[in-house]
Amino acid sequence: MAKEILLTGDRPTGKLHIGHYIGSLKNRVKLQNSGKYDPYIMIADTQALTDNARNPEKIRNSLIQVALDYLAVGIDPSKSTIYVQSQIPALFELTSYYMDLVTVARLERNPTVKTEIKQKDFKDSIPVGFLNYPVSQAADITAFKATIVPVGDDQEPMLEQTREIVRTFNRVYNTDILVEPKGYFPPKGSGRLPGLDGNAKMSKSLGNCIYLSDDAKTVQKKVMSMYTDPNHIHVEDPGKVEGNTVFTYLDVFDPDKDKVAELKAEYQKGGLGDVKIKRYLNKVLEAELAPIRERREKYAQDEDAIYEMLLEGSKKANTVANETLEQVRDAIGLNYFKNR
């Protein structure tokens with residue numbers, strides 16, 4: 001039985017953090033190791049340039065960091081094809097064909113695009129490449145005929161736009177070569193991790209992250225600075241666990257759910273201090289992050305091998321994407337010199 005093709009990836013705008021790990025990377029490794037999928041994992045450097053075009057060095061420097069984070073969490077190049085978006089020319093030609101099938105008004109209505117434009121405060125200076133992101137994402141997905149795309153709930157509108165493009169292309173050119181993808185959503189309770197400061201989003205730009213590459217002392221320092229209940233001033237004071245970032249992290253990372261329930265009850269009753277609970281959380285985090293950190297340090301000793309892995313993955317991805325591109329050209333009729 002043929003495996004389903006799975007496509008996912010990340011923008012190389014810095015090292016990856018534990019929000020990425022919980023939100024996608026951990027589940028990505030699980031899917032990879034299930035044996036049910038043929039995963040393609042893209043480092044989306046071209047997409048990252050849409051809002052970093054004047055700082056390409058940031059993208060270049062981050063490429064190797066993202067690749068190291070991939071390997072450290074357990075993404076295995078013998079099971080997953082890891083490649084670099086800019087090294088797959090077919091993606092950009094496919095994007096140009098799909099652009100002719102989508103209106104500007106439809107792109108502007110995309111809820112995910114609207115939200116990100118507001119977050120980045122572009123106002124009237126929206127880069128064309130950024131607005132066009134849903135179309136280029138459709139090229140990324142369809143080039144490999146991916147049927148499964150792991151996404152967060154907020155990315156579903158982007159996926160629906162890909163499906164629209166697939167249906168329109170197949171109808172207009174009377175073909176069935178493009179495949180509609182389905183979203184694969186993270187299990188409940190493993191979604192977005194809040195920032196250390198209690199902000200709903202963990203973000204590099206907000207400086208409220210624990211990175212997968214952070215050493216043990218840095219992790220401990222960050223944990224001890226975490227937001228808790230501002231009214232829990234003395235140890236004996238009853239504390240709130242709702243909105244308390246320390247307990248949110250314990251819910252996610254601690255496999256001992258009975259222990260977490262006991263700690264919550266003690267904190268709410270009064271008698272459990274923030275320092276003690278933060279030390280416990282640090283112990284829990286170290287159990288998860290220490291093996292990742294050790295693997296990362298090992299892989300970082302041979303950068304040439306990392307680049308070689310990315311080159312080989314990109315070569316394989318090119319072969320597959322070029323096959324799809326040829327089929328697309330044939331469907332449109334841009335095959336003037338074929339068989340001549």
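Residues numbered from 1 in each chain as written. Predicted model: local features only at pLDDT ≥ 70, side-chain atom pairs only at ≥ 80, totals over all residues. Heavy atoms only, no water.

Named according to an unreviewed UniProt entry, the protein chain is Tryptophan--tRNA ligase originating from Lactobacillus gallinarum. UniProt's Catalytic activity (unreviewed entry) comment on the protein chain is quoted here verbatim: "tRNA(Trp) + L-tryptophan + ATP = L-tryptophyl-tRNA(Trp) + AMP + diphosphate + H(+)". Looking at the protein chain in UniProt, the text filed under Sequence similarities (unreviewed entry) is "Belongs to the class-I aminoacyl-tRNA synthetase family." (UniProt positions renumbered as here; feature names shortened; annotations may be inferred.)

A. Up close: the domain arrangement of the protein chain. Parsing the protein chain into structural domains produces domain 1 (2–190 + 302–330) and domain 2 (213–296). For domain 1 versus domain 2, the separation of C-alpha centres amounts to 34 Å. Counting residues at the interface gives 12 residues for domain 1 and 9 residues for domain 2. When the two sides are added together, the surface that domain 1 and domain 2 hide from each other amounts to roughly 950 Å², 58% of it contributed by carbon and sulfur. Area buried by domain 1 at its contact with domain 2 is led by Ile-18, Tyr-21 and Ala-72, which between them contribute 48% of it. (Domains from an automatic or database assignment. Contact = heavy atoms within 4.5 Å. Buried area = accessible area lost by both parts, 1.4 Å probe.)

B. A nonpolar patch on the surface, seen in detail. Where nonpolar side chains cluster on the molecular surface, the patch consists of Leu-334, Tyr-336 and Phe-337 and spans about 360 Å² of accessible area. Considering the arrangement of structural elements, one finds Tyr-336 in the segment after α14 (303–332). (Patch = residues over 30% accessible without salt bridge, like charges linked within 9 Å, V, L, I, M, F, W, Y side chains within 5 Å. Areas by Shrake-Rupley, 256 points an atom, 1.4 Å probe, with all protein chains shown as cover. Salt bridge = Lys/Arg side-chain N within 4 Å of Asp/Glu carboxyl O. Helix = DSSP H or I, 4+ residues; strand = E, 2+ residues; numbered from the N terminus.)

C. Quick peek at helix α9 (residues 156–172). The terminal C-alpha atoms of α9 lie 24 Å apart, and with 17 residues this matches the ideal 24 Å at 1.5 Å per residue to within 8%. Three or more residues of α9 are buried, namely Met-158, Leu-159, Gln-161, Thr-162, Arg-163, Ile-165, Val-166, Thr-168, Phe-169 and Asn-170. (Expected span 1.5 Å × (residues − 1). Buried < 20%, exposed > 50% of the residue type's maximum accessible area, 1.4 Å probe, protein only.)

D. Summary view of the side chain of Arg-106. Along the chain, Arg-106 turns up in helix α5 (residues 104–109). Polar contacts involving the side chain of Arg-106 include one to the side chain of Glu-164, which spans 2.9 Å. Aside from chain neighbours lying at most four places away, what touches Arg-106 is Gln-161 and Glu-164. (Polar contact = N/O pair within 3.5 Å; in protein donor to acceptor, adjacent residues only side chain to side chain.)

E. Here's a closer look at the packing of aromatic side chains. One pass over the structure, following the stated rule, counts 9 aromatic pairs. Residues Tyr-249 and Phe-253 carry aromatic rings whose centres are separated by 6.3 Å and whose planes lie at 45 degrees to one another, so their mutual orientation is tilted. With a gap of 4 residues between them, Tyr-249 and Phe-253 both fall in helix α11 (residues 245–253), about one helical turn apart. The exposure class of Phe-253 is buried, given its relative accessible area of 4%. Among the aromatic side chains, those forming a connected cluster through ring pairs are Tyr-40, Tyr-83 and Phe-144. (Phe/Tyr/Trp six-rings, centres within 6.5 Å; stacked < 30°, edge-to-face > 60°.)

F. Focus on the pairing of strand β2 (residues 37–43). Extensive coverage of β2 is indicated by the burial of 6 of its 7 residues. Bridge count between strand β1 (residues 4–10) and β2: 7 bridges; the pairing is parallel. Note on β2: the bridge partner recorded for Thr-8 is Ile-41. With helix α1 (residues 18–33) bridging β1 and the parallel β2, this β-α-β connection has right-handed handedness. With 4 bridges connecting them, β2 and strand β3 (residues 81–84) associate as parallel partners. Paired with Tyr-40 across the two strands is Thr-81, which belongs to β3. (Pairing = 2+ DSSP bridges. Right-handed = clockwise from strand over helix to strand, strands pointing away.)

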